[in-house]
Amino acid sequence: MTLGDVIKNYRTNYNMSMDMFAKKSGISKAYISLLEKNKHPKTGKSIAPSIQCIKQAAEGMDMDFHVLFEMIDGNVSLTAENEEPTLTPKDNRDIAKDLNSIMEKLQSGNEGPASYDGEELSPEAIELFRDELEIALKRLKIMNKEKYTPKKYKK
């Protein structure tokens, strides 16, 4: 059984569209379609999902990775080509610099933008906002790496 077969069975059993499964698993809708067809459109060869893709599928199906891995055929890619981009130390420095700049602008002024209903945000709320903003900036950096170097991170 291929990973695509397992995903298709899951989607059918739970009456789930590809789009819904894509959102739940983090695998693109286009790649789910390729997995389910198990045929690369250019080469005609079967698809070899990466370990990361199998992990994402397992999470999307609320299934243990090892259980899913045992269910699928042995055609799995272990190459780094299918992995998601990672942040470099320079990326992390740039994010920290941008984060500090944004937070300084938000906290400047007397009733500046860092207030809610005219009341200044508490230190806890500011720290929570900072943490969430950092997560968003990191995700955006990764998305931009995928967007501007698509062949390197192609799935």
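Residues numbered from 1 in each chain as written. Predicted model: local features only at pLDDT ≥ 70, side-chain atom pairs only at ≥ 80, totals over all residues. Heavy atoms only, no water.

(A) Quick peek at the overall build of the protein. Along the protein, the regular secondary structure elements total seven helices and two strands. Across the protein, helices and strands are ordered from the amino to the carboxyl terminus as α-α-α-α-α-α-β-β-α. For the protein, with 155 residues in total, the buried portion stands at 29%. Excluding contacts between residues fewer than 6 apart, the proportion of contacts in the protein whose partners are at least 24 apart in sequence is 60%. A total accessible area of about 10600 Å² is found for the protein, and carbon and sulfur atoms account for 54% of it. (Helix = DSSP H or I, 4+ residues; strand = E, 2+ residues; numbered from the N terminus. Buried < 20%, exposed > 50% of the residue type's maximum accessible area, 1.4 Å probe, protein only. Contact = heavy atoms within 4.5 Å. Areas by Shrake-Rupley, 256 points an atom, 1.4 Å probe, with all protein chains shown as cover.)

(B) Helix α7 (residues 123-148), seen in detail. Over its 26 residues, α7 extends 37 Å from the first C-alpha to the last, a length consistent with the 38 Å expected when each residue adds 1.5 Å. Within α7, burial applies to I126, L133, L137, I142 and K145. Against the buried residues of α7 lie α6 (89-107). (Expected span 1.5 Å × (residues − 1).)

(C) Region of interest: the confidence of the model for the protein. Per-residue pLDDT for the protein has a mean of 82; in total, 83% of the residues score no lower than 70. Taking the mean pLDDT of every element in the protein, the minimum, 68, falls on strand β1 (residues 115-116) and the maximum, 93, on helix α1 (residues 3-13). (pLDDT = per-residue confidence, 0-100.)

(D) Summary view of the pattern of salt bridges. Inspection of the entire model under this criterion finds six salt bridges. We note a salt bridge from D19 to K23, for which the minimum N-O separation is 3.6 Å. With a gap of four residues between them, D19 and K23 both fall in helix α2 (residues 18-25), about one helical turn apart. By relative accessible area, which is 35% here, D19 ends up partly exposed. The salt bridge involving K24 is made with D62; its shortest N-O contact spans 3.2 Å. Of this pair, K24 sits in helix α2 while D62 sits in the loop between α4 (51-60) and α5 (65-71); the two residues are 38 residues apart in sequence, bridging distant segments of the chain. By relative accessible area, which is 36% here, K24 ends up partly exposed. (Salt bridge = Lys/Arg side-chain N within 4 Å of Asp/Glu carboxyl O.)

(E) Highlighting a nonpolar patch on the surface. On the surface, M1, V67 and M71 cluster together into a nonpolar patch covering about 250 Å² of accessible area. Tracing the chain through its elements places V67 in helix α5. (Patch = residues over 30% accessible without salt bridge, like charges linked within 9 Å, V, L, I, M, F, W, Y side chains within 5 Å.)

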